[in-house]
Amino acid sequence: MIWTKHFEFANIPDLTGKLAIITGSNTGIGKVCATEMARKNCQIIVASRSEDKGQAAVADIKSATGNEKVEYMKLDLLSLKSVKAFAEEFKAKYDKLNILLNNAGVMMCPYGLSEDGIETQFATNHVAHYYLTMQLLPILIKSGPSRIVNVSSMGHLFTSAFAPALEKSSEQKGYNATIQYGFTKACNILFTRELAKRLEAKGINNVYVNCNHPGIVSSELSRHIVSQKSFLDKVYNNYMTITTENGSLTQLYLATSPEVESKSVKGQYYVPYARPGWSNPYTRNQKNAADLWDFTEKLLKEKMPDYQGATI
Ligand SMILES: NC(=O)c1ccc[n+]([C@@H]2O[C@H](COP(=O)([O-])OP(=O)(O)OC[C@H]3O[C@@H](n4cnc5c(N)ncnc54)[C@H](OP(=O)(O)O)[C@@H]3O)[C@@H](O)[C@H]2O)c1
């Protein structure tokens, strides 16, 4: 890749005293982020759905970094009950949270529904991360300066119309796995912008929320589109992609770089390597952002009757 690097692992500051949750950090880009942040003394919660994979990642990260403050906590984004239980367990155990890295994702899977009847990609990539963030927001505000990073994708360009996609976000009729992935990754950008706007409107200046495209990265994300053993997959992963190490840099920048605070980077979409990027105009449309917010709030209240609603 010809892009120059504005940020490298060596630029991650000392993170002693900081506590981070990284969703989907048992593998891929998330695991690299967890490892490199642990190497800089950050306390890490590996939040993932499989205890076996999560504990294996914890062991790998501890042995690679010598940092013993790395812990697995169960989080299944296909279950809002699991998200709630995770947030409650976390808040019972810890009274601070400095970095929330909403990294987990699923791409272009066949049509399916979460435990709550929400389409799989929409549930995983947007709704569950929104719900998780709302429950952790008070502790992030209390722990400020703090960071929220929502991992989006240039795949948001796969879709061009937001409102119709939102209306039929869990419908099987007309489901197109590629367009749906793009829609959910557009949601990550719109959510980021709306949350940043609402924080600012409330005079909360110490929470830095941003989103990013990590690059086209060799990881397990392509599991639903190509057989992992196929020739196509080998070509894709060997010649068309960057490594998970390089793919982690942009979100590591947003999660850790002092520049984010010194330059007051908020509500932005960054691309490799750690530079402001261009996103489709409809992800910069204020009405789309507000509509997504209202839609998600309504959906969560319907699915989780004890959800009190966003505090922001
Ligand atoms: N790779 C790329 O080219 C690329 C490009 C643009 C954006 N991204 C974004 O980057 C992020 C990380 O992707 P990656 O490339 O590292 O993919 P990956 O290797 O497939 O890792 C995805 C992670 O998300 C977790 N996850 C999926 N569904 C979950 C659920 N229901 N509950 C909890 N965790 C769940 C996976 O856990 P399991 O191991 O249990 O499945 C895994 O830990 C994603 O948001 C993706 O959309 C990636």
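These remarks concern the structure in this document. As the structure is a prediction and not an experimental result, all values here were calculated from the model. (Residues numbered from 1 in each chain as written. Predicted model: local features only at pLDDT ≥ 70, side-chain atom pairs only at ≥ 80, totals over all residues. Heavy atoms only, no water.)

1. Examining the side chain of Ser153
Then, number 1: Structurally, Ser153 is set in the loop between β5 (146-151) and α5 (162-167).
Then, number 2: The class for Ser153 is buried, based on a relative accessible area of 8%.
Then, number 3: Polar side-chain contacts of Ser153 include one of 2.7 Å to the backbone nitrogen of Gly155.
Then, number 4: Contacts of Ser153, omitting those with residues within four sequence positions, involve Tyr181, Lys185, Asn212, His213 and Tyr269. (Helix = DSSP H or I, 4+ residues; strand = E, 2+ residues; numbered from the N terminus. Buried < 20%, exposed > 50% of the residue type's maximum accessible area, 1.4 Å probe, protein only. Polar contact = N/O pair within 3.5 Å; in protein donor to acceptor, adjacent residues only side chain to side chain. Contact = heavy atoms within 4.5 Å.)

2. Considering helix α10 (residues 286-303)
Then, number 1: For α10, which comprises 18 residues, the first-to-last C-alpha distance of 26 Å matches the rise-based estimate of 26 Å (1.5 Å per residue) to within 8%.
Then, number 2: Regarding α10, the residues found buried are Asn288, Ala289, Leu292, Trp293, Thr296, Glu297, Leu299 and Leu300. Projected onto a plane normal to the axis of α10, the buried residues spread over an arc of 165 degrees and lie on a single side. Residues of α10 that are exposed and point more than 90 degrees away from the buried face comprise Lys287, Lys298 and Glu302.
Then, number 3: Structurally, α10 contributes buried residues whose contacts are with α3 (80-93), α4 (120-142), α5 and α6 (177-201).
Then, number 4: The N-terminus of α10 is capped by Asn285, whose side-chain oxygen sits 2.8 Å from the backbone nitrogen of Lys287. (Expected span 1.5 Å × (residues − 1). Arc of directions from axis to C-beta.)

3. What to know about the packing of aromatic side chains
Then, number 1: Throughout the structure, instances matching the rule amount to twelve aromatic pairs.
Then, number 2: Between the aromatic rings of Tyr111 and Tyr175, the centroid separation amounts to 5.2 Å while the plane-to-plane angle is 75 degrees, which identifies the pairing as edge-to-face. Taken together, the residues Tyr111 in the loop between β4 (99-102) and α4 and Tyr175 in the loop between α5 and α6 connect sequence positions 64 residues apart.
Then, number 3: With centroids separated by 5.3 Å and ring planes inclined at 35 degrees, the aromatic side chains of Phe122 and Phe183 adopt a geometry described as tilted. With Phe122 in helix α4 and Phe183 in helix α6, the pair connects residues that are 61 residues apart, well separated along the chain. As far as the burial class goes, Phe122 and Phe183 line up, both buried. (Phe/Tyr/Trp six-rings, centres within 6.5 Å; stacked < 30°, edge-to-face > 60°.)

4. A short note on the pattern of salt bridges
Then, number 1: Tallying each qualifying case throughout the model produces twelve salt bridges.
Then, number 2: Its salt-bridge partner being Lys93, residue Glu71 comes within 2.5 Å of it at the nearest N-O pair. Here the residue Glu71 occupies a position in strand β3 (residues 70-74), and Lys93 occupies one in helix α3, the gap between them amounting to 22 residues.
Then, number 3: Since its relative accessible area comes to 17%, Glu71 is described here as buried.
Then, number 4: A single salt-bridge network, built from bridges that share partners, covers Lys84, Glu88 and Asp306. (Salt bridge = Lys/Arg side-chain N within 4 Å of Asp/Glu carboxyl O.)

5. Some thoughts on the site of the ligand
Then, number 1: In the vicinity of the ligand there are 29 residues, among which Asn26, Arg49, Tyr181, Val217 and Ser219 approach most closely.
Then, number 2: One of the side-chain nitrogen or oxygen atoms of Asp76 is found 3.1 Å away from a nitrogen atom of the ligand.
Then, number 3: In the model, an oxygen atom of the ligand is placed 3.0 Å from a nitrogen or oxygen of the Lys185 side chain.
Then, number 4: The set of elements that each furnish at least two residues to the shell around the ligand consists of α1 (28-39) and α6.
Then, number 5: A class-by-class count of the residues in the shell around the ligand yields eleven nonpolar, twelve polar and six charged. (Near = heavy atom within 4 Å. Nonpolar A, V, L, I, M, F, W, Y, C, P; charged D, E, K, R; others polar.)

6. Some points on a nonpolar patch on the surface
Then, number 1: A cluster of nonpolar side chains, contributed by Met154, Leu157, Ile216 and Trp278, occupies part of the molecular surface with about 390 Å² of accessible area.
Then, number 2: Mapped onto the elements, Trp278 comes out in the loop between β8 (275-276) and α10.
Then, number 3: Take Trp278: its relative accessible area is 57%, and that puts it in the exposed class. (Patch = residues over 30% accessible without salt bridge, like charges linked within 9 Å, V, L, I, M, F, W, Y side chains within 5 Å. Areas by Shrake-Rupley, 256 points an atom, 1.4 Å probe, with all protein chains shown as cover.)

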